[in-house]
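The primary structure of each chain is shown beneath.
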Amino acid sequence: MKYLKYFSLLLCLVFFIGAIPQTTYAYNRDDHDKYRVEVLFKNFKELEHDKSAQEKIKALGCAAYLAIDQFNNNGQKDLDFLLAYGVKGIPSDVSAISFNASGSTHRSHTHRGWDFQLYSLTRELWPVRKQILLNTAGTIFDFQGNEAKNNSFCALIYYIHILADHMDDKSYRQENGFKMDVGGRVDKEDIIHELLKHIEVVFADQKRTHKYRSLTSKLEGYNSSLAKLVRSEGGINTDEKFREKQKYTKELMELLTRYLPEMFKEERFFYDVFYK
């Protein structure tokens, strides 16, 4: 009877745990931080022991998280860090930007485009969340009054995040909320077209360089490849098409990490902060 009692308690515990809603996430924060750093820096080890650089990198990470992935009143410590770092014009309480969501379904409310206007839960919150990233970048870098460059720099950080979430997808089915497509859309509402648009602004002075032309040409090539999948009958609706899409997505991230760090190093606003 004694063992039967313990077995019954254990069985109840198993059922109780199984009844708890399980929260699932796409890439975790460390993964996103890793990709952001790889896209920004050619050799991050040069900065590992630079305390000032590390604080700036952390500030960008906090701001990116708050703008893109924050929900359910998480992230107050990130906001506190930014306030202590000296970022102005941002809320002091995370409740001012927060919304309630379940697991990675939060993506439907923040992952559909830097300039997307029709978020349901976050239509009023999204401009405030964007401003946190914009103001943080403006605190770290001197854009010489070029607000368009600041905006496009932050947009690149945003789209690197969304691209990483695509890399973590396990199925062609939209099971964890909606996010902007990678590429190939007729209406150009996809990550590749957004990258091309913002790269043109951030690297305006490098448009005649081989790196710039090579990068944009390769991006357009990937867009053409994805267009064949997206515009095929039924779109990306089979495992085979999904695997091909994931191959292009991974290669896109590798392309960006190969080109952008060197191009950022050539930009005065970036060089003066991390390499001067």
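Conventions and cut-offs
- Residues numbered from 1 in each chain as written.
- Predicted model: local features only at pLDDT ≥ 70, side-chain atom pairs only at ≥ 80, totals over all residues.
- Heavy atoms only, no water.
- Helix = DSSP H or I, 4+ residues; strand = E, 2+ residues; numbered from the N terminus.
- Buried < 20%, exposed > 50% of the residue type's maximum accessible area, 1.4 Å probe, protein only.
- Contact = heavy atoms within 4.5 Å.
- Areas by Shrake-Rupley, 256 points an atom, 1.4 Å probe, with all protein chains shown as cover.
- Axes fitted to C-alpha atoms, helices over the stretch in contact; angles between N-to-C directions.
- Parallel < 35°, antiparallel > 145°, perpendicular 65-115°, else oblique.
- Nonpolar A, V, L, I, M, F, W, Y, C, P; charged D, E, K, R; others polar.
- Salt bridge = Lys/Arg side-chain N within 4 Å of Asp/Glu carboxyl O.
- Expected span 1.5 Å × (residues − 1).
- Polar contact = N/O pair within 3.5 Å; in protein donor to acceptor, adjacent residues only side chain to side chain.
- pLDDT = per-residue confidence, 0-100.
- Core = buried A, V, L, I, M, F, W, Y, C linked by side-chain atoms within 4.5 Å.

1. Section: the overall build of the chain
1) Next: Regarding its fold elements, the chain presents 10 helices and 0 strands.
2) Next: Counting across all 276 residues of the chain, residues that qualify as buried make up 49%.
3) Next: A separation threshold of at least 6 residues defines the contact pool for the chain, and within that pool the share at least 24 residues apart is 68%.
4) Next: Summed over all atoms, the accessible surface of the chain reaches about 14,900 Å², with 51% contributed by carbon and sulfur.

2. Notes on the packing of helix α8 (residues 210–230) against helix α9 (residues 239–265)
1) Next: Where α8 meets α9, the closest approach of the two axes is 11 Å, and the angle between their N-to-C directions is 170 degrees. One element, α8, and the other, α9, form an angle in the roughly antiparallel class.
2) Next: For the contact of α8 with α9, the class distribution of residues is 13 nonpolar, 2 polar and 8 charged.

3. Digging into the pattern of salt bridges
Any two side chains of opposite charge can pair, given that their charged atoms come close.
1) Next: Considering all chains together, one arrives at 16 salt bridges under this definition.
2) Next: A salt bridge links R107 to D169, with the nearest nitrogen and oxygen atoms 3.8 Å apart. One end of the pair, R107, is in the loop between α4 (76–85) and α5 (126–140); the other, D169, is in the loop between α6 (147–167) and α7 (191–202), with 62 residues separating them in the sequence.
3) Next: The class of R107 is buried, set by a relative accessible area of 3%.
4) Next: For D169, a relative accessible area of 17% corresponds to the buried category.

4. Considerations on α7
1) Next: Taking 1.5 Å as the rise per residue, α7 with 12 residues should run 16 Å; its terminal C-alpha atoms sit 16 Å apart, in good agreement.
2) Next: Among the 12 residues that make up α7, 9 are buried, leaving the element largely enclosed by the rest of the structure.
3) Next: Listed as buried for α7 are I191, I192, H193, E194, L195, L196, H198, I199 and V202.
4) Next: Summarising the contacts, the buried residues of α7 are in contact with α6, α8, α9 and α10 (268–274).
5) Next: Capping of α7 at its N-terminal end is provided by D190; its side-chain oxygen lies 3.4 Å from the backbone amide nitrogen of I192.

5. Remarks on the confidence of the model for the chain
1) Next: Overall, the predicted model of the chain reaches an average pLDDT of 88, with 88% of residues at or above 70.
2) Next: Note on residues 1–26: pLDDT is under 50 here. Beyond four places in sequence and across chains, it has 12 contacts.

6. Considering the packing of helix α3 (residues 51–69) against α5
Packed helix pairs are specified by the crossing angle of their axes together with the interaxial distance, meaning the distance between the axes.
1) Next: Between α3 and α5, the shortest axis-to-axis distance is 8 Å and the interhelical angle comes to 170 degrees. Comparing their axes, α5 and α3 come out roughly antiparallel. Residue-level inspection shows K56, A59, L60, A63, A64, L66, A67, I68 and D69 of α3 in contact with α5, the latter providing W126, R129, I132, L133, T136 and I140.
2) Next: Along the lines of polarity and charge, the residues of the contact of α3 with α5 split into 11 nonpolar, 1 polar and 3 charged.

7. Focus: the side chain of T249
1) Next: Examined against the element boundaries, T249 turns out to sit in helix α9.
2) Next: Within the structure, the side chain of T249 is placed 2.8 Å from the backbone oxygen of K245, a separation counted as a polar contact.

8. Considerations on unusual backbone geometry
1) Next: The residue N72 is not glycine, and still its phi comes out positive at about 55 degrees.
2) Next: Under the relative-accessibility criterion, N72 is labelled partly exposed at 32%.
3) Next: The residue Q144 is not glycine, and still its phi comes out positive at about 55 degrees.
4) Next: Its location among the elements puts Q144 in the loop between α5 and α6.
5) Next: Looking at Q144, the relative accessible area reads 68%, which means it is exposed.

9. Points about the environment of E240
1) Next: For E240, the location among the structural elements is in helix α9.
2) Next: Between the C-alpha atom of E240 and that of Y172, which follows or precedes it by 68 residues, the distance is 9.7 Å.

10. Brief notes about the nonpolar core
1) Next: L82, F141, F153, L219, F264 and F270 are the most contacted members of the largest nonpolar core, which totals 74 residues.
2) Next: Tallying contributions element by element places α6 first for this core, with 12 residues.
3) Next: When near neighbours in sequence (up to four residues on either side) are disregarded, F264 contacts V39, L40, F153, L156, V202, F203, F269, F270 and Y271.

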